[in-house]
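Architecture at a glance
For reference, the chains in residue letters:
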Amino acid sequence: MDLQAIQDEALAAIKSSGDEAALQELRVRYLGRKSELAGALRGLGKLPAAERAVAGQATNRAKQAVEAALDARRDELRAAREVGLADHEWLDLTLPARRPRRGHLHPITLVENDLEKLFWGMGYRVVEGPWIEDEFHNFDALNIPASHPARDDWDTFWLSDGNLLRTHTSPVQIRAMRRFGAPLKAVFPGRVFRNESVDATHEAVFGQLEGLVIGRDITPGHLFHSINAILGALLEEGVRTRYRPGFFPFTEPSFECDIMRDGRWLELCGMGMVHPHVLRAGGIDPDEWTGFAFGLGIDRLAMMRYGIDDIRWFHSGDQRFLEQFPCA
Ligand code: YSA
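So, a few notes on the structure that sits alongside this text. (Residues numbered from 1 in each chain as written. Predicted model: local features only at pLDDT ≥ 70, side-chain atom pairs only at ≥ 80, totals over all residues. Heavy atoms only, no water.)

A few points about the nonpolar core
Membership of the largest hydrophobic core comes to 39 residues, with the highest contact counts inside it found for Leu115, Phe294, Leu296 and Leu301. Within the residue set of this core, elements represented by two or more residues are helix H5 (107-121), strand E5 (205-215), helix H8 (220-234), strand E7 (251-261), strand E8 (264-274), strand E9 (290-297), helix H10 (298-306) and helix H11 (319-322). In this structure, Leu115 is in contact with Leu209, Ile230, Leu234, Leu296, Ile298 and Leu301, ignoring residues within four places of it in sequence. Residues Ala176, Ala186, Phe188 and Phe250 belong to the second largest nonpolar core, which totals 26 residues. (Core = buried A, V, L, I, M, F, W, Y, C linked by side-chain atoms within 4.5 Å. Buried < 20%, exposed > 50% of the residue type's maximum accessible area, 1.4 Å probe, protein only. Helix = DSSP H or I, 4+ residues; strand = E, 2+ residues; numbered from the N terminus. Contact = heavy atoms within 4.5 Å.)

What follows is the structure, given as structure tokens:
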């Protein structure tokens, strides 16, 4: 085929090619090593010198024309594809963004975190104790010997090895006194376990926050002031509190604190001045030091804070309930 025919055929094929893959095949067919144009260029050397220059120029012109047509068609195809893209793939930047779903902290965790922050701010250290306790820390050291009728107040889950699931956070008092000595200002948050029947205000597993202050000349006035300060910071105005005498073997005198919301009183906290036997069990001399302690129910505080009428909601796992609480 002569050069002009090759060029015409190549340009026609290039013009009608539909995509870049087809174009690449044409590039190989018309310009590749086995193409007729490449063969013509290779054959130039065999031509008489007089013809060689003219034939060389003509072959190169044909080659350049095919190259230019290939490049032009490639640019055309790319431009067309981009126009197509804009028709099909577009973003409406004015659409409102999809709101991300955020996780929530459990309401009891929210209250516990706030309690810890408030006490931390008042100079208390935050210490945790074990859930599995021994009889000594849970009872004996707290002035509740085996024969004492007050032991029945705590419906205990006993373990087969003679240990128990702690029935309150008070055993951590003893551990902290022995570890840190006096003076001491600490709170002990955590779960406690009681084998008791569950109703709207009683759970078998619930949270307590224990507080302990040991110092010189500590009085019940310090105790009431601390509790009032915390409740004032955590609860809305209008939630009323009252103190009344109570009984705990590990405090003397003992008190209880109730709070009222929506016309309903709920017992929130037991407290008192640490009994000398308990100070001694903690390795602290009661002639030199005095102290107060309290143990408040975190679940009940959360009920009062958020206006929840049944404690069982907390462990219900009901997403509709849990999603009502603010993200931390
Ligand atoms: C008392 C004097 C101290 O010096 C130190 C701590 C205490 C508290 C004592 N250790 C105790 O456990 N007392 S208590 O049995 O009355 O519980 C304390 C608080 O835990 C209660 O006032 C209540 O708010 C909460 N509570 C008790 N039983 C509960 C409960 N919350 C939910 N479900 C239960 N079953």
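Focus: the packing of aromatic side chains
Under the counting rule described, the total for this entry stands at 12 aromatic pairs. Where Phe139 meets Trp158, the ring centres are 6.3 Å apart and the plane angle is 35°; that geometry is what we call tilted. Highlighted residues: Phe139 in the loop between helix H6 (135-138) and strand E3 (164-165) and Trp158 in the loop between H6 and E3, separated in sequence by 19 residues. For Phe139, a relative accessible area of 0% gives the class buried. Through a chain of ring-to-ring contacts, three or more aromatic side chains come together here, namely Tyr306, Trp313, Phe314, Phe321 and Phe325. The positively charged end of Arg125 is found above the aromatic ring belonging to Phe180, 3.8 Å away from the centroid. (Phe/Tyr/Trp six-rings, centres within 6.5 Å; stacked < 30°, edge-to-face > 60°. Lys NZ or Arg CZ within 6 Å of the ring centre and 35° of its normal.)

Thoughts on helix H4 (residues 49-88)
An ideal rise of 1.5 Å per residue puts 58 Å on 40 residues; H4 measures up with 59 Å between its terminal C-alpha atoms. Of the residues making up H4, those classed as buried are Gly56, Thr59, Ala62, Val66, Ala69, Leu70, Arg73 and Leu77. (Expected span 1.5 Å × (residues − 1).)

Re the sheet that holds strand E4 (residues 184-193)
Across the sheet, which stays open at both edges, the 7 strands sit in the order E1-E4-E5-E9-E8-E7-E6 with mixed pairing between neighbours. Where the open sheet ends on each side, the last strands, each with one partner, are strand E1 (125-126) and strand E6 (240-248). Strand direction decides the pairing type here: E1 and E4, joined by 2 bridges, are parallel. Residue pairing in the sheet places Arg125 in a bridge with Ala186 of E4. Contacts from H8 reach E6, E7, E8 and E9, with the element oriented near 145° to E8. (Pairing = 2+ DSSP bridges. Axes fitted to C-alpha atoms, helices over the stretch in contact; angles between N-to-C directions.)

Examining the side chain of Thr251
Among the structural elements, Thr251 can be located in strand E7. Take Thr251: its relative accessible area is 4%, and that puts it in the buried class. A polar atom in the side chain of Thr251 sits 2.7 Å from the side chain of Ser254. Leaving out residues up to four positions away in the same chain, Thr251 has contacts with Met271, Gly272, Met273, Val274 and His275. (Polar contact = N/O pair within 3.5 Å; in protein donor to acceptor, adjacent residues only side chain to side chain.)

Points about the site of the ligand
Taken together, 26 residues lie around the ligand, and Ser170, Arg194, Thr251, Glu267 and Leu268 are the ones closest in. Contact distances for the ligand include 2.8 Å between an oxygen atom and a backbone N or O atom of Leu268. At 3.2 Å from an oxygen atom of the ligand is found a main-chain nitrogen or oxygen belonging to Cys269. For the ligand, the protein covers 96% of the area, taking 690 Å² as the surface of the free molecule. Those elements that place two or more of their residues in the shell around the ligand are E5, E8 and E9. At 5 residues, E8 tops the list of elements feeding residues into the shell around the ligand. (Near = heavy atom within 4 Å. Areas by Shrake-Rupley, 256 points an atom, 1.4 Å probe, with all protein chains shown as cover.)

Topic: the packing of H5 against H8
When two helices pack together, you describe them by how their axes are tilted relative to each other and by the distance separating the axes. Relative orientation of the contacting elements H5 and H8 amounts to 130°, with a least axis distance of 11 Å. With respect to H8, the element H5 is oriented oblique. Handedness of the H5/H8 crossing: right-handed. Of H8, the residues touching H5 (which contributes Asp114, Leu115, Leu118 and Phe119) are Ile230, Ala233 and Leu234. Split by residue class, the contact of H5 with H8 holds 6 nonpolar, no polar and 1 charged. (Parallel < 35°, antiparallel > 145°, perpendicular 65-115°, else oblique. Left-handed = near helix turned anticlockwise from the far one by under 90°. Nonpolar A, V, L, I, M, F, W, Y, C, P; charged D, E, K, R; others polar.)

What to know about the packing of helix H3 (residues 36-43) against H4
As a packed pair, H3 and H4 sit with axes 10 Å apart at the nearest point and diverge in direction by 155°. Considering the angle they form, H3 stands roughly antiparallel to H4. Where H3 crosses over H4, the handedness of that crossing is left-handed. Taking contact as the criterion, the partners of Leu37, Ala40 and Leu41 in H3 are, on H4, Thr59, Asn60, Ala62, Lys63 and Val66. A per-class count over the contact of H3 with H4 returns 5 nonpolar, 2 polar and 1 charged.

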